[in-house]
Amino acid sequence: RTTRVCAVYLDFLARSHRDIRCAPTNKYLRVELVLHGAHTSVLRVAHTIIHDFQHPRIYDPSFEHELWFDDSDKSARIALVLEILHPEILLNDSSS
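Residues numbered from 1 in each chain as written. Predicted model: local features only at pLDDT ≥ 70, side-chain atom pairs only at ≥ 80, totals over all residues. Heavy atoms only, no water.

A. Local environment of the nonpolar core. Of all hydrophobic cores here, the largest spans ten residues; its members are Phe 12, Val 34, Leu 43, Val 45, Ile 50, Phe 53, Tyr 59, Leu 67, Phe 69 and Ala 79. Broken down by secondary-structure element, the contributors of at least two residues to this core are strand 4 (41–45) and strand 7 (65–69). With sequence-adjacent residues up to four places away left out, Phe 69 is seen in contact with Phe 12, Leu 13, Ala 14, Arg 15, Ser 16, Gly 37, Thr 40, Ser 41, Ser 75, Ala 76 and Arg 77. (Core = buried A, V, L, I, M, F, W, Y, C linked by side-chain atoms within 4.5 Å. Buried < 20%, exposed > 50% of the residue type's maximum accessible area, 1.4 Å probe, protein only. Helix = DSSP H or I, 4+ residues; strand = E, 2+ residues; numbered from the N terminus. Contact = heavy atoms within 4.5 Å.)

Dropping the structure here:
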């Protein structure tokens, strides 16, 4: 099977922190679209800090990553997360 998409709806309370984690495999990329709370979200993936969530962000969750959501309005951060098969995996599968 060459395609897989998994959609997840995530919400975080204000002033929350998602602990450091790593996905068990690098077969998938994560596409994150923040629907609410984009201006107060900070994502660290390896050594890269991402502050701008006005547009969808794509990253490899097998790298160490963590998320902070610091909204003084005490509203929730709501995001749609898609996991898609890594393009390099698709290329390797199609060449065999």
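There is more to say, and it comes next.
B. Seen up close, the sheet that holds strand 5 (residues 48–50). Read from one edge of the open sheet, four strands run 2-7-4-5, paired in antiparallel fashion. Among the strands making up the open sheet, the edge pair consists of strand 2 (16–21) and strand 5. If you compare each strand with its neighbour and ignore which way they point, the axes differ by 10° on average. In this sheet, strand 5 lies alongside strand 4 in antiparallel orientation, the contact comprising three bridges. Bridge pairing in strand 5 places Leu 43 opposite Ile 50. (Pairing = 2+ DSSP bridges. Axes fitted to C-alpha atoms, helices over the stretch in contact; angles between N-to-C directions.)

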